[in-house]
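# Secondary and tertiary structure notes
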Amino acid sequence: MAHKIYPFIDIAVLDAVRPRMLDADAIAILSIDLQTVIWANGPGAALFGHGDIEAVRGADSGLGLGARRQIAATPGFPDVGTDRAILVRFTQGVTCR
């Protein structure tokens, strides 16, 4: 499935994203099917095993079936809101540096 490429600054300035970026949190925006990374900041790119934000955009998320099912089972998915924490256990495809 083709996804639109969004310029970094267009996402970084959003009210839901900006404070998390200032806290240096890893942020990644995935497609609704959770298969593709649409956008990520530097720490988010590293989380998915990429060295920079350009390399991660449009890349396969690498999330296993269990992680995708766990995220999709969140009440209200994909509109889960910004005030809820979601804990997901990753068993493959995600790295920390």
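This is a predicted model, so every value here is computed, not measured.

The helix and strand inventory of the chain stands at 5 helices and 2 strands. Element order for the chain, N to C, with α for helix and β for strand: α-α-β-β-α-α-α. Taking all 97 residues of the chain together, the buried fraction comes to 29%. Across the chain, the fraction of contacts at a sequence separation of at least 24, relative to all contacts at a separation of at least 6, is 43%. Of the roughly 6300 Å² that the chain leaves accessible, carbon and sulfur atoms contribute 56%.

Along the polypeptide, Val80 turns up in the segment after helix H5 (65-72). Owing to a relative accessible area of 16%, Val80 belongs among the buried residues under this scheme. With sequence-adjacent residues up to four places away left out, Val80 is seen in contact with Thr74, Pro75 and Ile86.

Reading the values: the criteria
Residues numbered from 1 in each chain as written. Predicted model: local features only at pLDDT ≥ 70, side-chain atom pairs only at ≥ 80, totals over all residues. Heavy atoms only, no water. Helix = DSSP H or I, 4+ residues; strand = E, 2+ residues; numbered from the N terminus. Buried < 20%, exposed > 50% of the residue type's maximum accessible area, 1.4 Å probe, protein only. Contact = heavy atoms within 4.5 Å. Areas by Shrake-Rupley, 256 points an atom, 1.4 Å probe, with all protein chains shown as cover.

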